[in-house]
Structures are given as C-alpha cells and as structure tokens.
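Residue-level listing of the chains:
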Amino acid sequence: MHPNINNTTFTPLRWFTFFIYGTLVIFTSFFQLYLQDIGMSQSEIGALMAIGPLISLLANPFWGFYSDRLQNVRFVLLIMMLGTLLMVQLVFHVHNYTIIYIVMTVFFFFQTPMLAQSNTLILSYIEGTPKKFGGFRLYGSLGWALTAVAAGPVIDRLGVSQIGTVFTVLLLIAIGIILLLPPQTKLPGGSATMNRYAMKKLLGNLYFVGFIVFGILVAIPNAMNSTFVSLYIVELGGTKSMVGWAVFASSIFEAALFLLFDRYLKRNISFMIGWLAIVSLLFTLRWFLMAEATSPWEIIAIQLLHAVTFGGYFYVGTQLTMMFVPKAFRSSGQAIYTMTWSGVSGVIAGFLGGWLFQNFGSEQMYLAGVALSFVGAIGFASMWLNVKRTQYRMEEEDEQY
C-alpha cells in the first residue's frame with residue numbers, strides 16, 4: 001500500500017467518483033437540449049459534439065503521458081477540472097456559433113479525458129489494497145443516475161439556459177472533494193515513458209488491435225445514442241424530466257453489475273472476449289428496440305439495457321486493457337482505450353448520427369447501429385474462437401516490461 005494511503009482515503013475517493021460522474025452527466029445528457037434551444041439543427045449539434053471525441057484523440061494521450069511522467073493523477077485531474085470550470089463559464093454566455101465552436105474545442109481538451117484519468121486515479125489509490133475497482137466505480141454509476149434524475153425537474157423549472165449553473169455547482173463540489181485526497185508521490189520504480197518500442201509491442205499484438213477495432217464498431221452506435229437520445233425523447237413528446245429518468249434507467253443498475261463482476265468475473269482473456277461478443281449482441285438488440293420505439297416511456301424502459309451493455313463492455317474493456325498493457329504504461333493504455341471507444345467512434349457518431357437523424361430520421365440512425373453492433377459481435381466471436389484454439393496468453397516479457 002502507498003505510504004500516504006489509509007482507510008480514510010477511500011471515503012473521499014468514493015464521493016469524488018460520485019460527483020465527477022454526476023457533473024459530466026449534466027453535460028452529456030442535457031447540453032444538446034441547450035444547443036437545440038439556441039437554434040442549432042441535428043446536423044450542427046452532431047458536428048459540435050463530434051469536436052469532443054476529435055479533440056480527445058489529442059487530449060487523452062497528452063494527459064495520459066503527463067500523468068505517467070508526474071506519477072500524480074490527482075494533480076493532473078485537478079488541472080483538468082479547473083480548465084473545464086473556466087471554459088464552461090464562457091460557453092453558456094456566448095451565442096455566436098463560431099465562438100461557441102472555439103470555446104468548446106478548449107473545453108473538450110480539458111473535459112474529455114476526465115473519466116479515463118478518474119479510473120486511473122481509483123486504480124492508483126487501491127493499488128496494494130484489498131479494495132476492488134468495481135466497488136468505487138459503482139459510485140460513479142450512482143452519481144450519474146441520481147444526478148440525472150434530480151437535474152431533470154430542476155432544468156425543467158429553471159430552463160435549459162441554466163444548465164451551466166448546475167454543471168458549475170457540481171464541479172466545484174468535486175474539486176473540493178479531490179483536495180481532501182492525500183497527495184500522490186512518485187512510487188519506487190516509477191513509470192516508463194510510452195516509447196516507440198512499447199507502442200510497437202502493443203500494436204503488434206493482433207488480439208489487442210482486434211479488441212480496439214471491433215470495439216470501435218460497437219462504440220459508434222452507443223455514442224450516437226448518447227448524443228441524440230435526449231433529442232429523440234423530446235421528438236416523441238417527452239420532457240426534460242423524462243430525459244433525466246432515461247439516464248437514471250440507463251445507469252442505476254450499473255452499480256450492481258460492477259459488484260457482481262468484482263466477485264464473479266473470471267480474470268482470463270478468453271472469458272472476457274467471449275463476454276464482449278455477448279454484450280455486442282445485446283447492443284444489437286437494444287438498438288433494434290430503440291428503432292421501433294414510439295413513446296418516451298418505451299425509451300426509458302429500453303435504457304435499462306444500458307447497464308449490461310455499456311456497463312458490461314466498460315468494465316471488461318478496462319480490465320482487458322490493464323491485462324494487455326504493461327503496468328508501467330497504465331495511464332497511457334487507458335488513454336488509448338478511451339481514444340478509440342469515445343474518441344474515434346465519437347467523431348464518426350457525431351457526424352454520421354447527425355446526418356442520419358436529420359435526413360432519414362431517428363429510426364434509420366438506430367438501424368445503422370444494429371448493423372454495426374452485429375458486425376462487432378461477429379468480430380469478437382471470431383477472436384474468442386482464436387483465443388480458445390491457440391490457448392493465447394499474454395507474453396511474459398510484456399508483463400515484466
């Protein structure tokens with residue numbers, strides 16, 4: 001265990017996870033309604049939201065590399081949170097589209113890697129303790145779910161123009177809590193730089209590359225749903241409160257799933273890849289049901305599948321990344337995973353989803369998601385068969401590098 005860490009560390013760590021996820025759900029679930037309110041079309045909203053994943057392709061490796069070098073994720077996260085806080089004060093007070101795009105570009109530079117680095121923060125504090133990742137990450141799910149359902153009526157009452165105020169209050173609370181965590185000092189042995197050799201080792205692992213590529217296919221429709229589900233609910237006659245309930249339904253059972261995975265998930269690559277194939281098929285079913293939905297309440301019910309689909313993929317994907325990536329490059333490995341899951345896929349989802357939604361309607365957007373998820377499922381099933389056939393294990397030198 002790290003010398004600065006004791007049991008009193010874990011309470012603020014749990015509550016930090018709760019509030020950082022609660023802060024980000026305000027932006028993820030309600031910001032699109034603000035953009036629609038100021039006159040943006042679905043294509044314009046999709047293009048603006050695609051800037052985030054595009055910027056994350058630079059921001060994730062930048063902050064991951066910086067975090068690995070400093071060996072102080074807490075300090076890096078604090079910088080990112082303060083930058084996000086400053087930018088959000090600007091974005092809700094300008095109405096020129098060009099300026100909004102410029103401000104949001106800087107905002108996304110600080111905001112997009114926040115969840116990846118929060119995961120690394122949890123892993124760094126529980127290193128060498130009996131604590132497990134899922135027991136902390138469930139607080140993120142609770143923060144996401146409870147904040148969304150509480151914020152819906154508040155935003156209905158205050159108006160979408162006050163989304164920035166709600167975001168600011170929650171982010172200030174998260175900043176206050178992270179300051180209660182003990183400082184992180186560089187551990188003996190330190191962390192290595194993600195150099196050309198390490199990157200070559202990762203990209204030379206065809207299983208890791210397959211995990212990333214098939215993950216992008218599955219992630220694209222998930223990102224389209226995240227971007228446009230609030231607009232879809234309103235299109236079907238729903239309220240801001242219903243948007244909150246949809247988010248609540250999508251994440252409230254994630255907590256139980258993470259606890260079950262902590263207890264029962266087999267820590268071997270074959271089992272985990274097989275699980276990703278099953279999750280991808282469930283994603284396929286989820287998007288088909290969304291395409292057929294005719295009322296906001298149906299969407300809220302379908303969102304219950306989010307726990308086992310996104311939650312299942314997120315947990316297993318995070319653990320697989322830790323198994324594929326040598327320990328010294330943990331932050332950088334999580335950054336690469338996030339770059340592809342929410343970066344590359346998010347850029348495609350913003351432009352493709354906005355174009356499909358505006359020109360062909362929400363049903364065709366979700367049917368495109370059905371096709372992509374199904375191809376991803378076939379890819380993961382093929383990987384699983386190969387792993388079983390070859391009895392693949394991580395190379396010993398990769399573990400020790």
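Rules of the game
Residues numbered from 1 in each chain as written. Predicted model: local features only at pLDDT ≥ 70, side-chain atom pairs only at ≥ 80, totals over all residues. Heavy atoms only, no water. Helix = DSSP H or I, 4+ residues; strand = E, 2+ residues; numbered from the N terminus. Contact = heavy atoms within 4.5 Å. Patch = residues over 30% accessible without salt bridge, like charges linked within 9 Å, V, L, I, M, F, W, Y side chains within 5 Å. Areas by Shrake-Rupley, 256 points an atom, 1.4 Å probe, with all protein chains shown as cover. Salt bridge = Lys/Arg side-chain N within 4 Å of Asp/Glu carboxyl O. Buried < 20%, exposed > 50% of the residue type's maximum accessible area, 1.4 Å probe, protein only. Phe/Tyr/Trp six-rings, centres within 6.5 Å; stacked < 30°, edge-to-face > 60°. Polar contact = N/O pair within 3.5 Å; in protein donor to acceptor, adjacent residues only side chain to side chain. Axes fitted to C-alpha atoms, helices over the stretch in contact; angles between N-to-C directions. Parallel < 35°, antiparallel > 145°, perpendicular 65-115°, else oblique. Left-handed = near helix turned anticlockwise from the far one by under 90°. Nonpolar A, V, L, I, M, F, W, Y, C, P; charged D, E, K, R; others polar. Expected span 1.5 Å × (residues − 1). pLDDT = per-residue confidence, 0-100. Arc of directions from axis to C-beta.

## Some thoughts on the side chain of Q111
With respect to the secondary-structure elements, Q111 resides in helix 4 (residues 97-111). Q111 has contacts with L24, F27 and T84, leaving out every residue within four places of it along the chain.

## What to know about a nonpolar patch on the surface
On the surface, a cluster of nonpolar side chains totalling about 280 Å² of accessible area is made up of L281, F374 and I378. Mapping L281 onto the fold places it in helix 12 (residues 269-292). Look at L281 and you get partly exposed, because its relative accessible area is 45%.

## Focus on the packing of aromatic side chains
Any two aromatic rings considered together are summarised by their centre-to-centre distance and by the angle between their planes. Overall, the coordinates contain 30 aromatic pairs when judged by the stated rule. Relative to F380, the ring of F214 has its centre 5.8 Å away and its plane inclined at 65 degrees; by these criteria the two rings are edge-to-face. With F214 in helix 9 (residues 206-235) and F380 in helix 16 (residues 362-390), the pair connects residues that are 166 residues apart, well separated along the chain. Taken together, the ring pairs in this structure connect F27, F31, Y34, F92, F107, F108 and F167 into an aromatic cluster.

## A look at the side chain of T227
Here T227 is to be found in helix 9. Among the polar contacts made by the side chain of T227, one reaches the main-chain carbonyl oxygen of A223 at a distance of 3.0 Å. In contact with T227, other than residues within four places in its own chain, are Q32 and M49.

## A closer look at the packing of helix 12 against helix 14 (residues 306-324)
Two numbers describe how helix 12 lies on helix 14: the axes approach to 9 Å, and their chain directions differ by 150 degrees. Judged by the angle between their axes, helix 12 and helix 14 are roughly antiparallel. Where helix 12 crosses over helix 14, the handedness of that crossing is left-handed. Contacts from I269, M272, I273, W275, L276, V279, L282, F283 and R286 of helix 12 reach helix 14 at H306, V308, T309, F310, G312, Y313, V316, Q319, L320, M323 and F324. Of the residues assigned to the contact of helix 12 with helix 14, the class counts are 15 nonpolar, 4 polar and 1 charged.

## Focus: the packing of helix 3 (residues 73-91) against helix 7 (residues 163-178)
Orientation of helix 3 relative to helix 7, taken along the N-to-C sense of each, is 160 degrees, at an axis distance of 10 Å. With respect to their mutual orientation, helix 3 and helix 7 come out roughly antiparallel. Here the hand of the crossing between helix 3 and helix 7 comes out left-handed. Within the contact between the two elements, helix 3 uses R74, L77, L78, M81, L82, T84, L85, V88 and Q89 and helix 7 uses F167, T168, L171, L172, A174, I175 and I178. By residue class, the composition of the contact of helix 3 with helix 7 is 12 nonpolar, 3 polar and 1 charged.

## Digging into helix 4
If you check helix 4, its first and last C-alpha atoms are 20 Å apart, about what 15 residues at 1.5 Å a residue would give, namely 21 Å. The distance from a side-chain oxygen at the start of helix 4 to the backbone nitrogen of T98 is 2.9 Å, and the residue carrying that oxygen is N96.

## A short note on the confidence of the model for the protein chain
Chain-level statistics for the protein chain give a pLDDT mean of 83 and a share of 88% at 70 or above. Per-element averaging of pLDDT across the protein chain places helix 17 (residues 396-400) at the bottom with 42 and helix 13 (residues 296-302) at the top with 94. Below a pLDDT of 50 lies the segment residues 187-192, which in the model reaches 7 contacts outside its immediate sequence neighbourhood of four places, other chains included. Low pLDDT (under 50) marks residues 395-401, which in the prediction has 11 contacts with non-local residues, meaning those over four places away or in another chain.

## Observations concerning helix 11 (residues 254-264)
Along helix 11, the positions that sit buried rather than exposed are E254, A255, L257, F258, F261 and D262. In a view along the axis of helix 11, the buried residues occupy a sector of 160 degrees, so they form one face of it. The outward face of helix 11, more than 90 degrees from its buried face, is lined by the exposed residues R263 and Y264. Tucked into the core, helix 11 has its buried residues touching helix 6 (133-158), helix 10 (240-251), helix 12 and helix 14.

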